[in-house]
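Each chain, letter by letter, is given below.
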Amino acid sequence: MGIPIIIDCDPGVDDALAIILALSHPKVDLKAVCTVTGNGSLENTTKNGLKILSLCGREDIPLYKGSARGLDDKEPDTVPAFGDDGLGGYAHTVQTEKKPEKEGAVEFLVRAANESNGEVTLFATGPCTNVAKAIRIDKELPKKFKRLIVMGGAKYTGNMSPVAEYNFWADPLAAKEVLNAGFHEIVMIGLDVTNKIALGADIREILRIFDTDISRFIYHATREGLIENWETRQKPVAPMHDVLTVAYLIDESILTLKRANIDVVTEGIAKGQSVVDIKGHWSGGKCNALYAADVDVNQFYKLFLTTIFKEHEDEITKYLM
Ligand code: BDR
Ligand code: CA
């Protein structure tokens, strides 16, 4: 039996890749997917989540539709990083009859925490709204999960402002409440490391050679992100942020972590900024999270490709030597 996990996400190409990687590795047991507004409206991220489970042949995994509004009850700005459909213009190629569960994501998270026996690892790869709302219902919820692995924030950079990353920026109050809610362990995997694993032209070409349903999906779905990066930053690489969370679960040695106290700015010019205090400047040595300071990019790609395309393990290993 693999490690039981729940992914709360806003698919999104990189959320989709996190789900695909989770479903491809025997060490991981994906119990459920929850959705939130982010890479498009809630309707869209939910549709995409259902499609990804179908693409992977795992319609048996329940999907719970979550929050369209943030903790402040306003609709958060969505992000068009992966094209209008959130899957790089490729969503229409995947059809599914699968429907979300009747229970909503927030109610599900409260129930799942109670049924977790302290064993389930929770992932948040979209705005933290669902998780924060669930904690407002049950303050003890964080203690009932094994740990939280979150894609969000950064110490040194931003993608919505010079200092703010999208997931924390979209619902900063939710991110703040979740980080300070008392989880046994939080691993914050932010842009400082996720930018380093952006998908380049060489690996995209290798995906074309593999020519499977999944490799074609990754190749085409990442194209919009690549174009956006080229036009805005002159970098011909596609974002892969969220997939690093699941890669870390599978092989923790991929990341260098530092104990830190992390808080989030909720308004003003620095809205959404994660303030990462490693040296105890203002937290007096108190730590609420582990901050991902560095990533072994080669090791990540070896894990990602050999897990999803096992049949090509030899070539991949030689290429990435
Ligand atoms: C985060 O924002 C979303 O667009 C991605 O899916 C990722 O979770 C990166 O800032
Ligand atoms: Ca995401």
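Described in the following lines is the structure provided in the data block.

Conventions adopted
- Residues numbered from 1 in each chain as written.
- Chains lettered and ligands numbered in written order.
- Predicted model: local features only at pLDDT ≥ 70, side-chain atom pairs only at ≥ 80, totals over all residues.
- Heavy atoms only, no water.
- Helix = DSSP H or I, 4+ residues; strand = E, 2+ residues; numbered from the N terminus.
- Rg over C-alpha atoms; globule rule 2.2 N^0.38 Å.
- Buried < 20%, exposed > 50% of the residue type's maximum accessible area, 1.4 Å probe, protein only.
- Contact = heavy atoms within 4.5 Å.
- Near = heavy atom within 4 Å.
- Polar contact = N/O pair within 3.5 Å; in protein donor to acceptor, adjacent residues only side chain to side chain.
- Areas by Shrake-Rupley, 256 points an atom, 1.4 Å probe, with all protein chains shown as cover.
- Nonpolar A, V, L, I, M, F, W, Y, C, P; charged D, E, K, R; others polar.
- Phe/Tyr/Trp six-rings, centres within 6.5 Å; stacked < 30°, edge-to-face > 60°.
- Lys NZ or Arg CZ within 6 Å of the ring centre and 35° of its normal.
- Pairing = 2+ DSSP bridges.
- Axes fitted to C-alpha atoms, helices over the stretch in contact; angles between N-to-C directions.
- Core = buried A, V, L, I, M, F, W, Y, C linked by side-chain atoms within 4.5 Å.
- Disulfide = S-S within 2.5 Å.

**Focus on the overall build of the protein**
Argument step 1. On a plain count of helices and strands, the protein comes out with 14 helices and nine strands.
Argument step 2. For 321 residues, the compact-globule estimate of 2.2 N^0.38 gives 20 Å, and the protein sits close to it at 18 Å.
Argument step 3. With the principal axes as the frame, the protein shows a C-alpha extent of 50 × 45 × 40 Å.
Argument step 4. Burial statistics for the protein: of 321 residues in total, 58% are counted as buried.
Argument step 5. For the protein, the share of sequence-separated contacts (at least 6 apart) that also reach a separation of at least 24 residues comes to 79%.

**What to know about the site of ligand 1**
Argument step 1. Around ligand 1 lies a shell of 13 residues, among which D14, N39, N159, E165 and D242 are the nearest.
Argument step 2. Within the side chain of N39, a nitrogen or oxygen atom sits 2.7 Å from an oxygen atom of ligand 1.
Argument step 3. One nitrogen or oxygen atom from the side chain of E165 is found 2.5 Å from an oxygen atom belonging to ligand 1.
Argument step 4. Within the complex, 98% of the 280 Å² of free accessible area of ligand 1 lies under protein.
Argument step 5. Only α1 (13–24) and α6 (166–170) provide two or more residues apiece to the shell around ligand 1.
Argument step 6. For the shell around ligand 1, a count of residues per class yields four nonpolar, five polar and four charged.

**Observations regarding the packing of aromatic side chains**
Argument step 1. Per the counting criterion, the structure on display carries seven aromatic pairs.
Argument step 2. The interplanar angle of 5° and the centroid separation of 3.8 Å between the aromatic rings of Y64 and F108 together place this pair among those described as stacked. Placement of the pair is Y64 in strand β3 (residues 63–65) and F108 in helix α3 (residues 105–115), with a sequence separation of 44 residues.
Argument step 3. On the basis of relative accessible area, Y64 is assigned to the buried category, the value being 6%.
Argument step 4. Take F108: its relative accessible area is 6%, and that puts it in the buried class.
Argument step 5. An angle of 15° between the planes, with centres 5.6 Å apart, marks the rings of F300 and F304 as stacked. One end of the pair is F300 and the other is F304, both in helix α13 (residues 297–308) and four residues apart, which spans about a single turn.
Argument step 6. The exposure class of F304 is buried, given its relative accessible area of 0%.
Argument step 7. Taken together through their ring pairs, the aromatic side chains of F300, Y301 and F304 make up a single cluster.
Argument step 8. Of note, R204 hangs over the ring of Y219, and the distance from its end group to the ring centre comes to 4.2 Å.

**Looking at the sheet that holds strand β6 (residues 186–189)**
Strands pair in a sheet through their backbones, by hydrogen bonds, and they do so in one of two ways: parallel or antiparallel.
Argument step 1. Ordered in space as β3-β2-β1-β4-β5-β6-β9-β7-β8, the nine strands form an open sheet in which the pairing is mixed. Of all strands in the sheet, those with a lone pairing partner are β3 and β8 (274–277), marking the two edges. Along the sheet, successive strands turn relative to each other by an average axial angle of 30°, direction set aside.
Argument step 2. With four bridges connecting them, strand β7 (residues 255–264) and β8 associate as antiparallel partners. Each residue of the ladder has a partner; that of N261, found in β8, is D277.

**Quick word on unusual backbone geometry**
Of all residues except glycine, most have a negative phi; of all peptide bonds, most are trans.
Argument step 1. Of note, the bond from P11 into G12 is cis; its omega dihedral lies within 30 degrees of zero at -5°.
Argument step 2. One can find G12 in the loop between β1 (3–9) and α1.
Argument step 3. The phi angle at Q234 is positive, at roughly 55°, despite the residue not being glycine.
Argument step 4. Here Q234 lies in the loop between α11 (223–233) and α12 (243–250).

**A word on the pairing of strand β9 (residues 289–295)**
Argument step 1. With five of its seven residues buried, β9 lies for the most part within the structure.
Argument step 2. Relative to β9, β6 is paired through two bridges, and the arrangement is parallel. Following the sheet pairing, V187 is matched in β9 by L290.
Argument step 3. When β7 meets β9, the two strands line up antiparallel, connected through six bridges. Residue pairing across strands places K258 opposite Y291, the latter belonging to β9.

**Side note on the nonpolar core**
Argument step 1. By size, the foremost hydrophobic cluster in this structure holds 68 residues, and its most contacted members are L244, F300, Y301 and F304.
Argument step 2. Among the elements that make up this core, the one with the highest residue count is α1 (eight residues).
Argument step 3. Among all residues touching Y301, those that are not within four sequence positions of it are I197, A198, L199, I203, M240, T306 and L320.

**A short note on the state of the cysteines**
Argument step 1. Applying the stated criterion across every chain, the model contains zero disulfides.
Argument step 2. Take C34: it sits in no disulfide, and the sulfur closest to it among the cysteines is that of C9, at 7.8 Å.
Argument step 3. In this model C287 remains outside any disulfide bridge; the closest cysteine sulfur is found in C128, 19 Å from its own.
Argument step 4. Residue C287 is classed as partly exposed on the basis of its relative accessible area, which comes to 30%.

**So, helix α4 (residues 129–137)**
Argument step 1. All of the buried residues in α4 are T129, N130, V131, A132, A134 and I135.
Argument step 2. Residues of α4 that are buried in the fold lie against β1, β2 (28–35), α3, β4 (121–124), α5 (141–144) and α7 (172–179).

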